[in-house]
Each structure stands twice: as C-alpha cells, then as structure tokens.
Amino acid sequence: MLTFTALGPFHAWSDGVPLDLGGQRQRAVLARLLVAGGRAVPVHTLIDELWPGDPPAQALSTIQGYVSRLRRALEPGRAPREEAEVLVSAAPGYALRAAPEQVDSWRFEGLVKTEGPPPQVWAAMESALGLWRGPALAEFAELTWAATEAGRLEELRLIAVERRADAGLALGRATSLVADLEAHASAHPLREEAWRLLALALYRMGRQGDALAALRRARAVWRDELGLDLSAGLRRLEADMLAQRLEEPPPPPSSAPSPASSSAAPAAAADERVLRVLVADDQALVRAGLRAMLDSEDGVALAGEAANGEEAIAGVRAHRPDVVLLDIQMPHLDGLAAARRILAGERPPKVVMMTTFGSDENLYAALRAGVSGFVLKTSAPEQFLAAIRAAAVGDALIDPAVTTRLISAFAGRTDPASPPALAGLSDARLDVLKLVARGLTNRQIGQTLALPEEEVSALVKSLLDHLGLFDRAQLVMAAYESGLVTPGDMGHFSSL
C-alpha cells in the first residue's frame with residue numbers, strides 16, 4: 001500500500017518501505033500536491049510557489065520532469081503510456097489522488113473533527129496525536145505555502161490536545177492529564193482553553209488552591225503580553241471555583257465483567273449496588289478500624305480516606321462517594337465546616353457525623369445543616385453500617401445517647417434559621433412528623449397509621465417541601481424546635 005507522511009519528515013512509502021523522491025524541489029512538488037488535499041494545483045502556481053519571485057526560464061519543463069520522475073517512483077510498475085493513478089494530470093495542472101487513510105495529515109484532520117461521547121472522542125484524539133512524528137513539513141519551512149500549512153496543522157494539533165483533555169476530564173482522568181496540561185499551558189500561555197483545562201484538572205483532583213493559582217498565572221501573562229484581563233469564560237470559571245459550584249462529571253463506567261466471572265456470580269449480586277464510603281478522621285487508628293469494617297462487609301466499599309476537613313472536601317470531589325463518615329472535630333477545617341461545604345455542592349453525598357461527644361452546639365448546627373445523623377466512635381460496627389445504609393436511602397440514624405443529650409438541651413429553642421411555624425399542616429402530616437421525630441421508619445409509620453409505605457414517603461416529601469428542608473434529620477429538629485414533640489415523648493428514638 002502506498003502511503004504519505006507529512007506530520008514529521010516528509011516521505012512516501014510502499015508497504016512500509018520509503019521511496020526515493022529525489023531532491024528537495026522535486027519532493028516539494030509532491031508535498032505541495034499533498035497540501036492541496038486532492039484538488040488540482042495549476043502549473044503556474046507550482047512555479048510561483050517553488051521559485052518565489054524568481055522562477056528559471058525553463059521552470060515549466062523542470063516541473064514536468066519532476067512530475068515524470070515522481071510518477072516512476074510512486075508507480076514503478078506502470079507501463080510507459082498508461083495513465084497515472086496517483087500523481088495525475090488535472091487541468092490546468094496536477095493533483096494527488098489518494099484515500100484519506102493513505103495520507104497521515106488527511107487522516108489526522110478527519111480524526112480531529114470526530115464528534116460523539118467522551119470515550120469516542122478520547123480514542124479519536126489519541127489516534128490523531130499518535131500520527132505526529134515531528135513538526136509538519138519542516139524541511140519546506142522556507143516556502144510560504146508550507147509554513148502556512150504547517151501552522152494550520154499545528155493549530156489542529158493543539159485543538160486535538162485540548163479535545164483529548166476535555167474528554168479525559170469527562171472520563172474522570174484528571175490526575176493523568178495534569179502534567180501534560182501544565183506543559184501545554186506553559187508552551188501556549190495565550191490559549192484560553194489550555195488554562196481552562198489545566199485549572200479544571202487541578203480542581204477535580206481536589207487541588208483548588210493550585211487551580212486558582214493557575215488562573216492567576218494566566219491573568220498575569222495576559223496582562224503582560226496583551227494588556228488584558230482574563231476572558232469572561234475564565235473569570236466565570238474562577239468565580240465558580242471560589243463558590244464551589246462546578247458540576248462534576250459522572251464517574252467513569254466500570255469495565256464489563258468477563259463472561260467467566262459473570263456466569264459464576266449469582267444473578268442477585270449483579271443487581272446489588274455497592275455503597276462507596278469516604279472515611280474522614282484525623283486519627284489513623286480510627287480510619288484503620290473503619291477501613292477494616294468496610295472491607296469485611298458486603299455491599300459497602302471504601303471510596304477514600306481523609307485526615308482533615310480540607311482533605312474530606314477534596315476526597316468528595318475526587319471519589320464521588322455515596323456516604324461520608326466525618327469526624328466532627330478535625331484539624332485545619334473542622335467536620336462541621338467541612339459538612340456544610342460538602343452538602344452545599346452539586347449532587348452531594350450523604351454525611352454521617354462521628355463524635356466522641358463534641359460540642360452540643362456543633363451537633364445541633366450539623367443537624368440544621370442537613371447531615372444524616374450521628375454515630376459515636378465507640379459504637380459497634382453494626383451501628384456504623386446501619387447509619388451508612390440509612391443515609392443512603394434518605395433516612396437518618398442518630399445514636400440514642402447523642403439524641404437524648406442533644407434534644408434535651410435544645411428542644412423548643414428559638415433559632416433564626418428555624419423553619420416556619422407548623423400552622424397549616426394537615427393532621428395527617430402532623431402525625432407523620434411526630435412519628436418521624438420519634439424515630440420510626442416509613443414502613444413503621446405506615447404500619448402505625450395503616451397507610452401504604454409509598455403514601456408515607458409522599459407525605460414525608462411534602463413535609464420537607466413545605467418547611468423548606470431537604471433531609472429527614474432536619475424534620476426531627478423542626479418537630480422539637482416547634483414543641484410538637486418534647487424529650488419526654490421521644491421513647492427509644494434510635495433510628496430516624
């Protein structure tokens with residue numbers, strides 16, 4: 001098969017063997033026809049572009065001789081009077097006839113235009129960039145047409161680099177992209193997309209400070225080089241990072257199981273969803289115990305670990321867990337502040353606080369922020385697992401000892417952030433609210449009130465909507481804050 005390469009040293013190949021294309025100017029004729037993309041190039045254009053401003057007297061016959069020798073090199077088996085099939089006569093000049101897959105630059109350009117889902121774009125850009133072996137048409141750089149085409153191909157290469165990175169970020173590959181994007185932005189500091197992608201990759205690794213620093217570097221370069229501030233797009237990105245309102249991509253799909261493994265697994269196991277849990281505690285011993293607990297339990301898995309509040313926030317962005325087990329007292333950023341920031345994000349995980357009886361004020365504030373319950377660090381593994389599973393399905397679990405102390409201290413208090421009064425709620429919804437506050441699950445409430453579980457679920461949702469709340473634990477606090485339920489009424493109150 002005859003092939004041509006222009007993304008690096010210019011060559012023609014026959015089944016992988018390089019062909020002798022003659023001297024520099026003769027090779028330039030073939031390269032110029034390749035740049036035309038299959039279109040005819042008039043002979044006078046070839047003359048003007050090969051000898052800019054000073055063509056020789058015999059330029060026409062010289063071009064004809066170049067074409068004749070190139071045809072012999074490209075089609076050595078062609079009979080003397082047989083029509084050429086590759087380098088053809090096409091009035092008023094010549095053209096190169098080849099399929100896109102025969103010319104690396106043509107194939108490259110087609111791949112860069114690929115549209116589709118991120119995996120398809122990623123694969124296409126990988127293939128496109130893999131075609132490059134050096135600067136395009138470098139040996140003809142002194143000729144204007146070659147320099148122009150090389151610049152166009154280089155711009156497409158940069159676009160391919162950026163499209164690959166954009167697809168990689170959508171596939172959750174930020175970590176592996178940062179080094180390449182750092183080099184890309186440094187080499188092309190005036191490219192907006194280079195800085196955008198670098199900042200996003202750093203942000204999605206949990207390196208928010210580095211992401212903002214990258215944008216500050218971009219601003220400094222632009223002011224020095226152009227006298228301009230960042231573009232509107234980069235300024236919006238900076239503001240979104242500061243407000244932590246960037247939307248995260250979905251986690252990459254897991255690879256399909258092999259036929260052997262899927263046939264051996266029970267059908268039920270294929271449908272079981274594994275809950276991914278991030279553990280955040282400043283004590284390594286506590287993290288080790290929780291890690292061992294999760295490793296030994298079916299249906300749950302460790303998504304990551306953190307030793308302080310900042311690491312917990314970064315871990316949520318990096319690992320997208322379903323549930324976070326979060327110590328309320330940690331260095332750098334305490335658990336309460338971390339919980340607020342986690343729960344304020346897009347599609348936040350559920351947060352279960354761990355405590356060894358920290359400040360009651362913090363416990364109360366965390367429930368008001370929307371955490372899905374509290375567990376004592378001294379609790380049995382079963383209590384932790386119950387809290388994780390309750391949080392994952394929208395319920396909450398608060399350790400009875402924590403609840404007794406908490407509610408006794410804060411029942412009936414006035415709080416400016418409290419939900420509106422309960423006036424206007426129907427008796428049915430008030431009854432449901434009382435039972436939620438006393439720790440009954442939807443199923444237990446349904447059994448108590450002789451209602452279908454689905455109807456109870458709808459009533460709970462209507463309560464949340466009416467009171468402007470978003471978590472079942474907050475309903476508990478609303479019931480006690482309003483005086484609807486008092487500590488003496490609470491009964492066992494262990495599972496919310």
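Quick look at the structure, then.

The rules behind these values
Residues numbered from 1 in each chain as written. Predicted model: local features only at pLDDT ≥ 70, side-chain atom pairs only at ≥ 80, totals over all residues. Heavy atoms only, no water. Pairing = 2+ DSSP bridges. Helix = DSSP H or I, 4+ residues; strand = E, 2+ residues; numbered from the N terminus. Axes fitted to C-alpha atoms, helices over the stretch in contact; angles between N-to-C directions. Parallel < 35°, antiparallel > 145°, perpendicular 65-115°, else oblique. Left-handed = near helix turned anticlockwise from the far one by under 90°. Contact = heavy atoms within 4.5 Å. Nonpolar A, V, L, I, M, F, W, Y, C, P; charged D, E, K, R; others polar. Phe/Tyr/Trp six-rings, centres within 6.5 Å; stacked < 30°, edge-to-face > 60°. Buried < 20%, exposed > 50% of the residue type's maximum accessible area, 1.4 Å probe, protein only. Lys NZ or Arg CZ within 6 Å of the ring centre and 35° of its normal.

## Observations regarding the sheet that holds strand β4 (residues 41-42)
Next, step 1: Here three strands make up an open sheet; going across it, the order is β4-β6-β5 and the pairing antiparallel. If you trace the sheet from one side to the other, it starts and ends with β4 and β5 (87-90), each paired once.

## Focus: the packing of helix α4 (residues 104-112) against helix α6 (residues 144-170)
Next, step 1: At their nearest, the axes of α4 and α6 sit 10 Å apart, and the two run at 40° to each other. Between α4 and α6, the crossing angle belongs to the class labelled oblique. Considering how the two elements wind past one another, α4 and α6 form a crossing that is left-handed. When α4 is examined against α6, the residues S105, F108, E109 and V112 are found in contact with a partner set consisting of R152, L153, L156, R157, I159, A160 and R163.
Next, step 2: Split into classes, the residues belonging to the contact of α4 with α6 amount to six nonpolar, one polar and four charged.

## Things to note about the pairing of strand β1 (residues 2-5)
Every other side chain in a regular strand lies on the same face of the sheet, so the side chains alternate between the two faces.
Next, step 1: Sheet topology note: the β1/strand β2 (residues 11-14) ladder contains four bridges and is antiparallel. Opposite T3, over in β2, you have W13 as the bridge partner.
Next, step 2: Here β1 folds back onto β2 in antiparallel fashion, the turn holding five residues, of which G8 has a positive phi close to 135°.

## Brief notes about the packing of helix α14 (residues 309-319) against helix α15 (residues 335-343)
Next, step 1: The N-to-C vectors of α14 and α15 enclose an angle of 20°; their axes lie 9 Å apart at closest approach. As the angle between them shows, α14 and α15 are arranged roughly parallel. As α14 packs across α15, the resulting crossing turns out to be right-handed. Contacts from G309, E310, A312, I313 and V316 in α14 reach A338, R341 and I342 in α15.
Next, step 2: Counted by class, the contact of α14 with α15 contains five nonpolar, one polar and two charged residues.

## Some details on the packing of aromatic side chains
Next, step 1: This model, assessed by the stated rule, comprises three aromatic pairs.
Next, step 2: Where F10 meets F140, the ring centres are 5.8 Å apart and the plane angle is 70°; that geometry is what we call edge-to-face. Linking F10 in the loop between β1 and β2 with F140 in the loop between α5 (118-130) and α6, this pair joins segments that are 130 residues apart in sequence.
Next, step 3: Take F10: its relative accessible area is 0%, and that puts it in the buried class.
Next, step 4: One aromatic cluster is present, formed by F10, F140 and W145 through successive ring pairs.
Next, step 5: In this structure, R157 packs its charged tip against the face of W132, placed 5.9 Å from the ring centre.
Next, step 6: One residue, R317, lies across the ring of Y203, its end atom 4.9 Å from the ring centre.

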